[in-house]
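Structure assessment
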Amino acid sequence: MAEKPLKTKREESLSMRITPRMRFGLELLARHRKTSIGGAVILSVEKMFETDRDGLRLVPDHGLNPANILDSVWSPYEHERFARLAQYSFNLLSDEEKYLWGVVTATPKYWIDGKSAGQDRKSDKLIHMYDRTLNMDALETDWSKLKLRAGIQN
């Protein structure tokens, strides 16, 4: 699939309310790490992504070993992130995304070579069928229509 140039911001800002105690704690952490308060928050969030218990280091639906899910599913392209997340950890999809994944798994044009291993929408169990490969070009072409059908905003 040919990569298109992506027009996105390099960084995004986030505003949040914190208690004076938490602010002081961030100031101390920033001093300890020799960075700014924003840098301390970013370091903390990145560290949190790596933890097993409270972070994003999870066991994938198809595996035994925990991995950082963010590293596994990130793509600058929304349709690729969606597909990777659906295949990696179905339970992290929103209800709308689960519906959309059901549409994708049931539509032959989004697949190459036979049938899929996917999630049963009623029982929430993984169904193992024949291996097949997601046709990312077809998914990209129909992405805005698919999101509209599933009621996904953005």
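Before reading further, recall that the structure is shown in the block above.
Residues numbered from 1 in each chain as written. Predicted model: local features only at pLDDT ≥ 70, side-chain atom pairs only at ≥ 80, totals over all residues. Heavy atoms only, no water.

Running from N to C, helix α1 (residues 20-33) and helix α2 (residues 37-49) point in directions that differ by 90°, and their axes come no closer than 8 Å. Our classification of the angle between α1 and α2 gives roughly perpendicular. Contact with α1, carried on its side by Arg23, Leu26, Glu27, Leu29, Ala30 and Arg33, involves Ile37, Ala40, Val41, Leu43 and Ser44 of α2 and no other residues of that element. When grouped by side-chain class, the residues that make up the contact of α1 with α2 number 7 nonpolar, 1 polar and 3 charged. (Axes fitted to C-alpha atoms, helices over the stretch in contact; angles between N-to-C directions. Helix = DSSP H or I, 4+ residues; strand = E, 2+ residues; numbered from the N terminus. Parallel < 35°, antiparallel > 145°, perpendicular 65-115°, else oblique. Contact = heavy atoms within 4.5 Å. Nonpolar A, V, L, I, M, F, W, Y, C, P; charged D, E, K, R; others polar.)

A cluster of nonpolar side chains, contributed by Leu14, Met16, Ile18 and Met22, occupies part of the molecular surface with about 420 Å² of accessible area. The residue methionine 22 is located in helix α1 in this model. (Patch = residues over 30% accessible without salt bridge, like charges linked within 9 Å, V, L, I, M, F, W, Y side chains within 5 Å. Areas by Shrake-Rupley, 256 points an atom, 1.4 Å probe, with all protein chains shown as cover. Salt bridge = Lys/Arg side-chain N within 4 Å of Asp/Glu carboxyl O.)

We now examine the packing of aromatic side chains. Under the defined criterion, the tally for this structure stands at 3 aromatic pairs. Taking the centre distance of 5.8 Å and the plane angle of 70° together, the rings of phenylalanine 82 and tryptophan 101 count as edge-to-face. Of the two residues, phenylalanine 82 is situated in helix α4 (residues 78-88) and tryptophan 101 in helix α5 (residues 95-106); the sequence distance between them amounts to 19 residues. When sorted by exposure, phenylalanine 82 lands in the same class as tryptophan 101, which is buried. For the pair phenylalanine 82 and tryptophan 143, a centre-to-centre distance of 5.2 Å together with 40° between the ring planes defines the contact as tilted. In this pair, phenylalanine 82 sits in helix α4 while tryptophan 143 sits in helix α6 (residues 136-150), placing the two residues 61 residues apart along the sequence. Considered together, phenylalanine 82 and tryptophan 143 belong to a single accessibility category, that of buried residues. Feature note: the residues Phe82, Trp101, Trp111 and Trp143 constitute an aromatic cluster, connected by ring pairs. (Phe/Tyr/Trp six-rings, centres within 6.5 Å; stacked < 30°, edge-to-face > 60°. Buried < 20%, exposed > 50% of the residue type's maximum accessible area, 1.4 Å probe, protein only.)

Such coordinate-based values are descriptive only and should not be taken to indicate function.
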